[in-house]
Amino acid sequence: MTRIVCIGECMVEMAPLDTVGTYRMGFAGDTLNTAWYLAKLLGDRAQIGYFTAVGTDSLSDQMLDFLGSAKIETTFILRRAEKTVGLYMIQLQDGERSFSYWRGQSAARTLAQSGKDIAKALDSADIAYFSGITLAILPEQDRDTLLEQLQDFGARGGQVVFDPNLRPKLWPDTATMTSAITKAALCSHVVLPTHEDEATWFGDATTIDTAKRYTDLGASIVVVKNGPGEIILHTERGAQHLAPTHVVNVVDTTAAGDSFNAGFLAARCTGLSPEHAVSTGAQLAARVVTHRGALVPEAINAN
């Protein structure tokens, strides 16, 4: 059975409802969203684990209960008595979202203090999945520790999958962000960037430029997401231009990329080609963005 370990931060999500000023509380976060969709898509065909750190308060307990109910393995999640979990609130305008964050006491910021803890979580894994947000919330030394462990994991035969997920507000400056993203790509086998972000912060003129930059860094598969535009799949056979799934009614783009990544990885885990995996990811993301919030059971049930 394939074991996938997703690394990052699970947060309390406050998502707006139709009633103005009313929010629904849930749990989400970029790598957690991908883990949740992977668990739903793969079921008993794979084991999906999550590696992070949480507090010892009741809200942290609720989060762990939520992960367990979603059939996400929590064995290696760290507990920090002096910390809790982060929170974010979604604001929507014409289907596009913006966020406000409260993560000053987030235990997840301490997830990479010990390389031994990371190594234990990855010991029997086949795939390790992380993101630029995972890196952004960590102190520089801990960030280096995580990348060292991922490098070792890849050297032992594991597959490292990385979504750059560029969020400049989380970084001290652009140079630190782009340097860390580049270091992460150097130890990754599969990279799943979003062109709009990459164009803004790396200066890529085209989606092909984004794909080539990551393949030049050593990735064997790069999938460049591009909103409603064509998707670029770059493998050892070169670049392919693939059409995304058309969406008529975009309600909320939260977790569009996260769900795409899950659909892509789930398809690859079941033996589908990269081309079919891109199609699977695009179809799932297209369903997710027609609903509010990050985690959309209806999108899975419609599969």
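The notes below deal with the structure included here. (Residues numbered from 1 in each chain as written. Predicted model: local features only at pLDDT ≥ 70, side-chain atom pairs only at ≥ 80, totals over all residues. Heavy atoms only, no water.)

This part covers the overall build of the protein chain. Of regular secondary structure, the protein chain possesses 11 helices and 15 strands. A compact globule built from 303 residues should have a C-alpha radius of gyration of about 19 Å, and the protein chain, at 18 Å, falls within 12% of that. Counting only C-alpha atoms, the protein chain reaches 50 × 50 × 40 Å along its principal axes. Residue burial in the protein chain is summarised as follows: out of 303 residues, 54% are buried. A sequence separation of at least 24 residues applies to 69% of the contacts in the protein chain between residues at least 6 apart. Taken as a whole, the protein chain presents about 12,800 Å² of accessible surface, with 49% of it coming from carbon and sulfur. When the 25 basic and 34 acidic side-chain charges of the protein chain are each reduced to a single mean position, those positions are 3 Å apart. (Helix = DSSP H or I, 4+ residues; strand = E, 2+ residues; numbered from the N terminus. Rg over C-alpha atoms; globule rule 2.2 N^0.38 Å. Buried < 20%, exposed > 50% of the residue type's maximum accessible area, 1.4 Å probe, protein only. Contact = heavy atoms within 4.5 Å. Areas by Shrake-Rupley, 256 points an atom, 1.4 Å probe, with all protein chains shown as cover. Lys, Arg positive; Asp, Glu negative; His and termini not counted. Charge placed at Lys NZ, Arg CZ, Asp CG, Glu CD.)

As enumerated under the stated definition, the model contains nine salt bridges in all. Across the pair Arg103 and Glu9 runs a salt bridge, and its minimum N-O distance is 2.6 Å. Of the two residues, Arg103 is situated in the loop between strand 9 (96-102) and helix 3 (115-122) and Glu9 in the loop between strand 1 (2-7) and strand 2 (11-16); the sequence distance between them amounts to 94 residues. In this pair, the class of Arg103 matches that of Glu9, namely buried. Measuring nitrogen to oxygen at the nearest pair gives 2.9 Å for the salt bridge that ties Lys212 to Asp216. (Salt bridge = Lys/Arg side-chain N within 4 Å of Asp/Glu carboxyl O.)

Taken N-terminus to C-terminus, the directions of helix 3 and helix 5 (residues 140-155) make an angle of 35°; their axes are 9 Å apart at the nearest point. Helix 3 and helix 5 meet at a crossing whose hand is right-handed. Contacts from Gly115, Ile118, Ala119 and Leu122 in helix 3 reach Thr145, Leu146, Gln149, Leu150 and Phe153 in helix 5. Across the contact of helix 3 with helix 5, the residue classes tally to six nonpolar, three polar and no charged. (Axes fitted to C-alpha atoms, helices over the stretch in contact; angles between N-to-C directions. Left-handed = near helix turned anticlockwise from the far one by under 90°. Nonpolar A, V, L, I, M, F, W, Y, C, P; charged D, E, K, R; others polar.)

In this section: the nonpolar core. In terms of nonpolar packing, the biggest core is built from 58 residues, with Tyr37, Leu38, Ile72, Val223 and Phe264 touching the most fellow members. Per-element tally for this core: the top contributor is helix 1 (residues 30-42), with eight residues. Filtering out sequence-adjacent residues up to four positions away, Phe264 remains in contact with Val190, Leu192, Ile221, Val223, Pro274, Ala277, Val278 and Gly281. Within the second largest apolar cluster, 41 residues are counted, among which are Ala121, Trp171, Met177 and Ala211. (Core = buried A, V, L, I, M, F, W, Y, C linked by side-chain atoms within 4.5 Å.)

Looking at the largest pocket, its volume works out to about 1,500 Å³. What lines the largest pocket is a set of 46 residues, among which Arg97, Arg167, Thr253, Ala256 and Gly257 lie closest to the centre. Secondary-structure elements contributing two or more residues to the lining of the largest pocket are helix 1, strand 9, helix 7 (195-202), helix 9 (256-269) and helix 10 (274-288). For the lining of the largest pocket, the leading source of residues is strand 9, giving five residues. Partitioning the lining of the largest pocket into residue classes produces 21 nonpolar, 13 polar and 12 charged. Approximately 150 Å³ is the volume found for the second largest pocket. Lining the second largest pocket are Pro16, Leu17, Asp18, Thr19, Val20, Gly21, Thr22, Tyr23, Ile90, Gln91, Leu92 and Arg292. (1 Å grid on protein atoms, 1.4 Å probe; cavity = no way out; pocket = protein on both sides within 12 Å on 5 of 7 lines; lining within 4 Å. Points joined across faces, edges and corners; volume = space filled by probe spheres on them.)

Purely geometric numbers; function is a separate question.
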